[in-house]
Amino acid sequence: MNAPNKSGWRPALTLDRREGQTTATGNRALMLEEPLIFEIGTCETTGVDLPEATAGANRLGGMAREAEIGLPGLSEPETVRHYTRLSRQNYAIDLGLFPLGSCTMKHNPRLNEKVARMPGFADVHPLQPIDTVQGALGVINELASWLIRLTGMRGVAMTPKAGAHGELCGILCIRAALEAKGDAREVILVPESAHGTNPATAAFAGYRVEDIPATAEGRVDLAALKARLGPDVAGVMITNPNTCGLFERDLKEISDAVHAAGGYVYCDGANFNAIVGRVRPGDLGVDAMHINLHKTFSTPHGGGGPGSGPVVLSEALCPYGPLPFTELHADGTLTLVEEETGGERQPHAFGRLSAFHGQMGMFTRALAYILSHGADGLRQVSGDAVLNANYLLRSLEDVLDAPFGHSGPCMHEALFSDKGFAEGLTTLDLAKGMIDEGFHPMTMYFPLVVHGAMLVEPTETESKAGLDQLVLAMRSLAERARAGDESLKNAPIHAPRRRLDETLAARKPVLAWSEPQVPAGTPTLSEQGGS
Ligand SMILES: *Cc1c(COP(=O)(O)O)cnc(C)c1O
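Residues numbered from 1 in each chain as written. Predicted model: local features only at pLDDT ≥ 70, side-chain atom pairs only at ≥ 80, totals over all residues. Heavy atoms only, no water.

1. Some thoughts on the sheet that holds strand β10 (residues 414-416)
Two modes of strand pairing occur in sheets, parallel and antiparallel, and in both the strands are linked by backbone hydrogen bonds.
Consideration 1: Strand order in the open sheet formed by three strands is β10-β12-β11, with antiparallel pairing between adjacent strands. This sheet does not close on itself; its edge strands, each paired only once, are β10 and β11 (443-444).
Consideration 2: Relative to strand β12 (residues 454-456), β11 is paired through two bridges, and the arrangement is antiparallel. Its bridge partner lying in β12, T443 is registered against L455. (Pairing = 2+ DSSP bridges. Helix = DSSP H or I, 4+ residues; strand = E, 2+ residues; numbered from the N terminus.)

2. Concerning the sheet that holds strand β4 (residues 233-239)
Consideration 1: What the seven strands build is an open sheet, ordered β1-β7-β6-β5-β4-β2-β3; its pairing is mixed. Each edge of the open sheet carries a strand with a single partner, namely β1 (155-157) and β3 (208-212). Neighbouring strand axes in the sheet, compared pairwise and without regard to direction, differ in orientation by 25 degrees on average.
Consideration 2: Pairing analysis gives three bridges linking strand β2 (residues 187-191) to β4, with the strands arranged parallel. Paired with I188 across the two strands is G235, which belongs to β4.
Consideration 3: With respect to the sheet, helix α6 (residues 134-151) is in contact with β1, β6 (288-290) and β7 (311-313), its orientation differing from that of β1 by roughly 125 degrees.
Consideration 4: Helix-sheet contacts for helix α8 (residues 197-204) involve β2, β3, β4 and β5 (264-268), and the interaxial angle to β4 is about 155 degrees. (Axes fitted to C-alpha atoms, helices over the stretch in contact; angles between N-to-C directions. Contact = heavy atoms within 4.5 Å.)

3. Details of a nonpolar patch on the surface
Consideration 1: A surface patch of nonpolar side chains, about 370 Å² in accessible area, is lined by L36, F38, I69 and L71.
Consideration 2: Look at I69 and you get exposed, because its relative accessible area is 51%. (Patch = residues over 30% accessible without salt bridge, like charges linked within 9 Å, V, L, I, M, F, W, Y side chains within 5 Å. Areas by Shrake-Rupley, 256 points an atom, 1.4 Å probe, with all protein chains shown as cover. Salt bridge = Lys/Arg side-chain N within 4 Å of Asp/Glu carboxyl O. Buried < 20%, exposed > 50% of the residue type's maximum accessible area, 1.4 Å probe, protein only.)

4. Some details on the site of the ligand
Consideration 1: In the vicinity of the ligand, the contacting residues are S102, A162, G163, A164, E167, H195, T197, D268, A270, N292, H294 and K295.
Consideration 2: S102 is positioned with one of its side-chain polar atoms (N or O) 2.7 Å from an oxygen atom of the ligand.
Consideration 3: Contact between the ligand and G163: an oxygen atom at 2.7 Å from a main-chain N or O atom of the residue.
Consideration 4: Look at the ligand: alone it shows 380 Å² of surface, and the protein chains cover 85% of it.
Consideration 5: Every element with two or more residues in the shell around the ligand is listed here: α7 (163-180) and α11 (293-296). (Near = heavy atom within 4 Å. Polar contact = N/O pair within 3.5 Å; in protein donor to acceptor, adjacent residues only side chain to side chain.)

5. Focus on empty space enclosed by the protein
Consideration 1: Under the defined criterion, the tally for this structure stands at four cavities of 30 Å³ or more.
Consideration 2: Considered as a void within the structure, the second largest cavity measures approximately 50 Å³ in volume.
Consideration 3: If you trace the second largest cavity, you find it lined by C244, L246, L393, A402, P403, F404, G405, C410 and L415. (1 Å grid on protein atoms, 1.4 Å probe; cavity = no way out; pocket = protein on both sides within 12 Å on 5 of 7 lines; lining within 4 Å. Points joined across faces, edges and corners; volume = space filled by probe spheres on them.)

6. Some remarks on the packing of helix α12 (residues 360-396) against helix α14 (residues 464-483)
Consideration 1: At a minimum axis separation of 10 Å, α12 and α14 run at an interaxial angle of 30 degrees. Considered as vectors, α12 and α14 are oriented roughly parallel to each other. You can see that α12 and α14 cross each other, and the crossing is right-handed. Residues N388, Y391, L392, S395 and L396 of α12 form the contact with α14, whose participating residues are K464, L467, D468, L470, V471, M474 and R475.
Consideration 2: In terms of residue class, the contact of α12 with α14 is built from seven nonpolar, two polar and three charged. (Parallel < 35°, antiparallel > 145°, perpendicular 65-115°, else oblique. Left-handed = near helix turned anticlockwise from the far one by under 90°. Nonpolar A, V, L, I, M, F, W, Y, C, P; charged D, E, K, R; others polar.)

7. Digging into helix α13 (residues 427-436)
Consideration 1: Of all ten residues in α13, seven are buried, a share of seventy percent or more.
Consideration 2: Of all the residues in α13, the buried ones are T427, D429, L430, A431, K432, G433 and M434.
Consideration 3: At its buried positions, α13 is contacted by β11, β12, α14 and α15 (502-507).
Consideration 4: Trailing α13 by a residue or two, G438 shows a phi angle of about 90 degrees, which is positive.

8. Side note on the layout of surface pockets
Consideration 1: Size it by volume and the largest pocket reaches roughly 1,600 Å³.
Consideration 2: The wall of the largest pocket is formed by 44 residues, among which Q89, A495, P496, R497 and L500 lie closest to the centre.
Consideration 3: Ranked by residue count, the leading element in the lining of the largest pocket is α13, at five residues.
Consideration 4: Among the residues making up the lining of the largest pocket, the classes are represented as 23 nonpolar, six polar and 15 charged.

Here it is, written out as structure tokens:
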């Protein structure tokens, strides 16, 4: 029954996945159904025609494979079609607006891609002699200098490979600085509204995490924070602008209080897009902050490319940043410092975070983005990002509850909740409805301080016409949810897959394909007459 038919197609295996099927093939117009490669390929088929290998003596010490490897094969055109069809089932920033709050899903300018593909950048190898990669080291240094100047800090560790990795870098710097003073503090304070990576990082670095409550305005409760400071507090981790989309106006006062109590201030800078060119975190007393190049500086992410999370450091933490770093000499040449030198620039490096220099391809893209915008262009980026978010906030607040709408304008993202929806309808239903309307859902149920949260971040790269389309879709869905339109519970109805059990998928992920057990007697599609 499971043997492939002549074309390799196994109808019985895919039947159950085509809910609401109305065509014989399961395809919908030119959106094509696509089984897994294990279901359509066979071991007997191959896309290449190589001569039989002449057997030499094998040197595998008895470890040579004896059975077939069992990988599915397809011809070249079948392979190309398989992966192209799968790629069409994905949503991407190049297809439409991607309003994921806190993720800054902005357009990735093609100029960046062109620059990153120049052979002098794309083809360098980390083990090349240093005198042959002066250009690449120059890119790292020039980007580093922009990041330091934009944030008003003293130094930057370029190697962290994502935001969360940058958090770890910053917290390890804080720990190294405290240890150097013989000061073994145990607690990191984290606001309730923090991104989940913050408490995870602090715990991973060996700290005990304690919550700081938020005020009714959605900001850190300064009095509660001050009351908790003491000789056991190593530092605080604060996001600014925070995940409610609000600027933490008291950050300078918070930093002064933390420093006075002997601790350090870590700022989660993932939301830097809202303030770039306008506020320098160094002026607010921040000691360490990661910058998500893949958010603020437009390098592709979310399946499109790796992240990159350089960490800017204050004067106090600079000596503890990780190796390696590039050193600029008076004659303009650059050297790569990979060993602890005991010298002036990095006497107490806490170690290394990655084998080489970090995400070189992302550095090239980010620098291309920065240079093509210039300082004035970056300032306009944050202004337009905030303007777009406020346009959404004010266009939707009469149909969607905006818990902090009364706190004044928002920063780069607008926060809503499902308060006011008819009984039984929730944030999840509206989010699934967005898929039917052709939009990737917004960030849901985060920040945790707001029940049924919906966090919408349009970014500056969307036009007013694009925002108006999103408003049209979200207003219609919000009105249906308020009116108790139960059909929303079935959304998405137009997607190739309907409501998936996401909790089950997260808790019990199926990471390897195994031949499904089809009960004997199950009719195949052709036996059913193609119904
Ligand atoms: C994205 C994000 C992070 C984590 O960054 P990654 O690059 O995904 O590791 C941390 N904090 C906030 C507020 C974020 O938005």
